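# A look at the structure
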Amino acid sequence: MLTALNVTKTFDGTKALDNVCFNIEDGCVYGLVGSNGSGKSTLLRLISGVYKPDGGTVGVDGVATFNNPALKNEIAFLGDTPYFLPQSNLKEMAHFYGSMYSGFDTDTYRRLLTVFPLDENARLSTFSKGMARQAALILMLSCRPRYLLLDEAFDGLDVVMRKTLSNIIIEYTQKYSTTVIIASHNLREIEDMCDHISLLHGGRLITSGGIDEVREKVHKIQAAFETVPSDDAFSGLDVMKIERSGSVIQLVVRGDKERITGYVEAMSPKFFECIDVSLEEAFIYELEVLGYDVKSIEE
Amino acid sequence: MTSRVLKNKLNPTFGLFKSTVRKNLGVIVLLAVGVLILCPGLFLTTLSHIKVKPDGFRPESPTYLDILFGVCGFASAVFVAVGNFISFSFLYKKNSSDVFHSLPLTRTGLFVSRAAASFVTVAIPLTLGYASLLALTAFYPTYLLGTFAQILSAYLVNLLCMLFVSGFTLIFIVCAGSTFDLIISFAGFNAAISVVGLIIANLSSGYLSGYSAENTGSILKAISPMAYCAASAVEFALGGAGNAYSISGNIGFILITLGGSAAFIIASILLFGHRKTERGGQAYAYKFIYVICSILAGICGGYILSTIFSLAGDEKPVSYLGVISFIPGALLTVTVYGAVTERGFKKFKKSLVYGAVSAAAYFVILAVIMSGAFGFSTRVPEKNDVSYVEIICAGTVLNLDDSTPAIALHKAIIDKDANDFEESDLTAPHNGVNIHYQLKNGREMFREYYADMDKVGDEMFAALNAGERFDDYLKAVEKLNSDSVEIDVYDYNNEPYNCIGTKKQLKEFIKAYREDFARHGKKIVYGQDTVSVTVYSKQTEGDEYVFEIAMTDDFTETLSVLGGFKRIEY
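## Examining the overall build of chain A
Helices and strands together make up the secondary structure of chain A, namely 11 helices and 14 strands. The dimensions of chain A, computed from C-alpha atoms along their principal axes, are 75 × 40 × 40 Å. Split into buried and exposed, the 299 residues of chain A put 42% on the buried side.

## Looking at the confidence of the model for chain B
Chain-level statistics for chain B give a pLDDT mean of 85 and a share of 89% at 70 or above. At the level of chain-chain contacts, confidence expressed as ipTM amounts to 0.90, with global pTM at 0.85.

## Things to note about the sheet that holds strand β4 (residues 55–60) of chain A
All names here are of chain A. Reading across the sheet, the four strands line up as β2-β1-β4-β5 and stay open at both edges, with antiparallel pairing between neighbours. Two strands lie at the open edges of the sheet, namely β2 (14–24) and β5 (63–64), each paired on one side alone. Bridging between β4 and β5 involves two bridges; their strand directions are antiparallel. Across the sheet, residue G59 finds its bridge partner in β5, namely A64.

## Quick notes on the nonpolar core
Residues A:L149, A:I181 and B:L296 are the most contacted members of the largest nonpolar core, which totals 180 residues. B:M453, B:V456, B:I524 and B:L562 belong to the second largest nonpolar core, which has 41 residues in total.

## Considerations on the domain arrangement of chain B
Assigned domains of chain B: these are domain 1 (12–178 + 247–273), domain 2 (292–370), domain 3 (380–456) and domain 4 (468–568). For domain 2 of chain B and domain 3 of chain B, the distance between their C-alpha centroids amounts to 35 Å.

## Some points on the interface of chain B and chain A
Chain B puts 28 residues into the contact, and the matching count from chain A is 27 residues. Secondary-structure elements contributing two or more residues to the side of chain B that touches chain A are α1 (12–23) and α4 (94–102) of chain B. For the side of chain B that touches chain A, the residue count by class is 10 nonpolar, 10 polar and eight charged.

## A short note on the packing of helix α6 (residues 148–175) of chain B against helix α7 (residues 179–207) of chain B
Residue and element names in this part refer to chain B. For the pair α6 and α7, the least separation of the axes is 9 Å and the interaxial angle reads 135°. Classed by the angle they form, the pair α6 and α7 counts as oblique. Crossing angle aside, the handedness with which α6 passes α7 is right-handed. For the pair formed by α6 and α7, the contact residues are T169, F172 and I173 on the first element and L182, S185 and F186 on the second. Across the contact of α6 with α7, the residue classes tally to four nonpolar, two polar and no charged.

## Some words on the domain arrangement of chain A
Residues and elements named next belong to chain A. We note that the domain assignment places domain 1 (2–213) and domain 2 (216–298) within chain A. Centre-to-centre, using C-alpha coordinates, domain 1 lies 36 Å away from domain 2. Where the side of domain 1 that touches domain 2 is concerned, the elements lending two or more residues are α7 (187–193), β9 (196–201), β10 (204–210) and α8 (211–215). Considered class by class, the residues forming the side of domain 1 that touches domain 2 number five nonpolar, three polar and three charged.

## Some details on the sheet that holds strand β1 (residues 386–393) of chain B
Residue and element names in this part refer to chain B. Here we have four strands laid out as an open sheet, ordered β2-β1-β3-β4, and antiparallel in their pairing. Of all the strands in the sheet, the pair left with one neighbour each is β2 (396–400) and β4 (444–452). Pairwise comparison of adjacent strand axes, ignoring direction, gives a mean angle of 15° for this sheet. Sheet analysis places β1 next to β2, joined by five bridges and oriented antiparallel.

Criteria and cut-off values
- Residues numbered from 1 in each chain as written.
- Chains lettered and ligands numbered in written order.
- Predicted model: local features only at pLDDT ≥ 70, side-chain atom pairs only at ≥ 80, totals over all residues.
- Helix = DSSP H or I, 4+ residues; strand = E, 2+ residues; numbered from the N terminus.
- Buried ≥ 20, exposed ≤ 12 C-beta atoms within 10 Å, placed from the backbone.
- pLDDT = per-residue confidence, 0-100.
- Pairing = 2+ DSSP bridges.
- Core = buried A, V, L, I, M, F, W, Y, C linked by C-beta atoms within 7 Å.
- Domains from an automatic or database assignment.
- Contact = placed C-beta atoms within 7 Å.
- Nonpolar A, V, L, I, M, F, W, Y, C, P; charged D, E, K, R; others polar.
- Axes fitted to C-alpha atoms, helices over the stretch in contact; angles between N-to-C directions.
- Parallel < 35°, antiparallel > 145°, perpendicular 65-115°, else oblique.
- Left-handed = near helix turned anticlockwise from the far one by under 90°.

Okay, here's the thing in structure tokens:
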């Protein structure tokens, strides 16, 4: 199990990560989403052992990854901008990673070359952004890591390649029990692929859990009352947002659906409905609570 | 470690080293071609011009070992530094830093593999060059290429110097956060430390009693690691007393370079181990190197402004004007340096602090110099510690095995406070006195004075009248191959008096001069109304002996013997 316990990372006095804790079960696809500068990439760098945490620990089964070659041998990290050795081609890079990672599998490399049709003898510096990412993905996947960390995995890939990558990731987790952690802004792609997800904002873990679990944490309530109740009437609920339009009240509430509906029904509304929200909506509401919404940014 | 974590069956450290060397293969081939053009290429193309001297090793012109050692020594140091810069450039970009730091290596493994690869990239061509010279020496044993021991020693020292330079550059590489700041700090430090050395030398010549220009090299060697390495390597090649390319004759240099390399590399590894990866892209990963460079730059800038103002005010740097103008100079320089590093004036206040530290450091240096530099100005060696001494005074060069008169003169100058810095406004006659002690521990000691002859005239005369001086003249004349000698005399108007005589006549001339000198007494040290005489034999080219003596018209015996020589009119 990959764990982070009270992880803190500070850059020049600014906390990039603040007391972040999570557990990632082996063999799952884990999504990290969040606002810009929320600490997603920093968290991946800490997991991969690139950074050393200022506080807390990140590692596998309680063993820290930083400066731990045996553990790093099982982790492949692809950053948001792929890097290759100067003047090298894919073949040379495969040789390079083959001399570094004991799990590097030439057969996998060959098979992936058929999936991502790239010329392994061409200079990587001549590749387009999407092709470079494909090349980097081939190399990372060929390392057959136990933990695959992808920062903006789909960035630069066309629709077909996105789908292909998505399928490969699912195949990997099933076939090799690889744990995949994807940091991305693209919620919809993550929603389709991930079992678990975490939302980061301002260096803090806002919410975390299974996709449905996270989505079902937030509910939208629309209710009409003869006598419109004050905000205090909803103090028994974890209200994230409240909007009024005449006798109609729209609430965004965090918590158990049955408890929320029971609470509102007890107030004898003329009309009442509990609407499920999408994952994207759930995250937007979560961020709005923290003051990160379009309106507050424009102001 | 849990059982679930699989050990890496590969050796990634070695793997990274191998792949880096393989990546550098093109550079290795290019450098190898360059070295092989030099050796054996240059040797084979100029074979007919090489002197064959089976009896001795060093001919007049540089040997091929000198050329190889000089060129490869310089080039290998430059290439290993550049190689390190390139090898560790991944530190300064986020994407490359991510890749290298996420590789299954320890920090030490990553550092060592990259540093070793850039070292080996330069060492392979170098080894080929020396191996070629060894092979040539075996094939052409009568040609002056150097002995096997000398070639191997030169090769080892070349590698050692490379290691030293490599270790030194690694400190800067680890401390920098960007390529620009690496270049600025590395070039800035080495330039500034040399300038600070020259500033110390300049101040010492003005305010440190006994300071000699010969000490400038020692100051530079003491404060600049690169200057130390370069100067010591040159001394290793030139060698004194048959010590050229001798490891045993340069053991101090070898040990210091080895120790220095080890210290630099260990410090680099430790710094690299604790280096925050995220500092890549920022100006510095470790600020201390920036602080050191700022302070050095401040001293240089302050001194330049101080000198300009002092010259304009017709004053010395150590004057109210000089001292006061130093402070704005230091502040200005450090602020500009800080602005370059911080890409703006964001850390203006800190720059002012560093500028103030520069000024304080300068005043400390000045105070140390003016207070005698920890006993430098009063230090006189013990007679038992001196191997021999060379004194240049009153236009005469003395080489004495018995250092007693030299030490007496040296002590008298210090005890009687006879040294003066100002040449103007002096009423008493003065003479320049240069003393060079060769100490038994292999070190040298240089002192230079502008001595008041009223105070130390007796001691000066005693040194000049040392029996050993005249005995040396006689011995040298005896060694001349030809019995016929030519003597050129120039009086104080530089008018020549050229004549020919025999070795016997020349010996009589020296004996007569010795008697006249003793009779004449200490007046000679005042150097007034003297005639400068240069005596040498040049019967056969290269067989000559030159010495200068001072005399006046009342050296009657000497002049009488000189009259017996056969005059030549040109």
